Amino acid sequence: MTVSGLDWPGIPTLFRPNDRFKLPILWVSLVLHFFGLLLKVLILVVFGTTAELRKGRNEWNNWIMVCLTLSDGSINALQLGPTIAQLVRGGWDMSERWCQFQGFTTNLAAMISYHMLVLLTLERLTTIVRAKAWGKSHTITGLVWSTFISVLICTGYTVGGNAYALQEVGTYCAADYVAVLRPQKSPRILKAFSAVLVTITGLMLSIVTYAYMAIYWTVHGAVQDLRQVLMDGAMCSPAQPADEHGLSASRASGLFTRSRSKKADEGPQVDQARITRFNAAVAFKCGVLLSVFVCTYFPTIVKIVWTWIRMAPIPREYDAFTAMIIISSGVVNPLCALLLDARWRGPAAELLGKICRREKILVSTPGAAAAK
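What you are looking at is a predicted structure, and each value in this text was computed from that prediction instead of being measured. (Residues numbered from 1 in each chain as written. Predicted model: local features only at pLDDT ≥ 70, side-chain atom pairs only at ≥ 80, totals over all residues. Heavy atoms only, no water.)

(A) Geometry of the packing of helix 1 (residues 22-49) against helix 3 (residues 59-89). Two elements in contact, helix 1 and helix 3, have axes whose closest approach is 8 Å; the angle formed by their N-to-C orientations is 145°. In this structure, the crossing between helix 1 and helix 3 has a hand that is left-handed. (Axes fitted to C-alpha atoms, helices over the stretch in contact; angles between N-to-C directions. Helix = DSSP H or I, 4+ residues; strand = E, 2+ residues; numbered from the N terminus. Left-handed = near helix turned anticlockwise from the far one by under 90°.)

See the structure below:
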């Protein structure tokens, strides 16, 4: 199946009126973009007001999170305005120039976000599995390389006069992967671009999958050693060599100790229960982070491959599903940091608590004054 003539769905200069299918998509997009921006503002404020995040032991990990927040936030900002405009005007009526700007900047920001998530995973793999320090040079090198690759790929797309296209759902502009949405000057370049994109995405998915499995099994193996040590009634010396998983029982003891509450020791049985909860928490976090990453980017691979096989636009229902998944990541990523990472969760809860207390004071003051 091919498209030609007036059947091209990706020409952005043609008015695309809203219908019963597009309207819910636009409203859901509006909500996701709005709350995504709020969460990103919270992340940046927490980072700016918490010295431990900016200058503490894990400061360079936190800088990766800030870069991820900025790239995700730029997607929300670039998409929010056009979403509101389409709701107000009753459909898509953006210019060709805007389509090219939105397509390039959105794809660039999405690719940078993708590489930032991979970089965060590599940082966890390095510090937990390999027991190596992660410093300034690692973060800066990763940021520069990720940005360079993203700019190179997005610029390569336009080589030969190729243009971004309005997507099947009709609400945003992005890449025309195999030249099926609009007439393109160099379809071969687009096919090469799509092949490179699928290869890179698949490779990164494999790396992230391996990393979180390695993190879990490393911690799990060390926790088992620590549990055995507690059962034997003696702790390992710090000089004990690493076990077959690459993490010694003494290191597991350190991880476990940092995860415990500040309560006094209550005996080996309580320690065993805490170790079990610690191991379950690690498994839960690894599972959530891996699932979020795979569920976010795998649908895009399917979209590209599906388009390539059929050589025709995909159903707009699936394109809408893919778009919602990508937009949702802008909400899920900061939530993962705020809910799963204690380094961010504590300062964020403290900041929100201060805001709530201040609001209560502002609300209660007029009533108190009136009572007097």
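(B) Layout of the packing of helix 3 against helix 5 (residues 136-157). At a closest axis distance of 9 Å, the pairing of helix 3 and helix 5 adopts a crossing angle of 20°. One finds that helix 3 runs roughly parallel with respect to helix 5. Relative to helix 5, helix 3 is oriented so that their crossing is right-handed. Across the interface between the two elements, Trp60, Trp63, Ile64 and Cys67 from helix 3 touch Lys136, Thr139 and Leu143 from helix 5. Its residues assigned to classes, the contact of helix 3 with helix 5 comprises 5 nonpolar, 1 polar and 1 charged. (Parallel < 35°, antiparallel > 145°, perpendicular 65-115°, else oblique. Contact = heavy atoms within 4.5 Å. Nonpolar A, V, L, I, M, F, W, Y, C, P; charged D, E, K, R; others polar.)

(C) Region of the structure containing the nonpolar core. In terms of nonpolar packing, the biggest core is built from 72 residues, with Phe293 and Trp344 touching the most fellow members. Elements supplying a minimum of two residues to this core: helix 1, helix 3, helix 4 (96-129), helix 5, helix 6 (187-232), helix 8 (268-310), helix 9 (316-340) and helix 10 (342-371). In terms of residue count, the dominant contributor to this core is helix 6 (13 residues). Excluding residues within four positions of it along the chain, Trp344 makes contact with Ile43, Val46, Phe47, Leu53, Asn62, Met65, Val66, Ala337 and Leu338. (Core = buried A, V, L, I, M, F, W, Y, C linked by side-chain atoms within 4.5 Å. Buried < 20%, exposed > 50% of the residue type's maximum accessible area, 1.4 Å probe, protein only.)

Read these as spatial facts, not as claims about activity.
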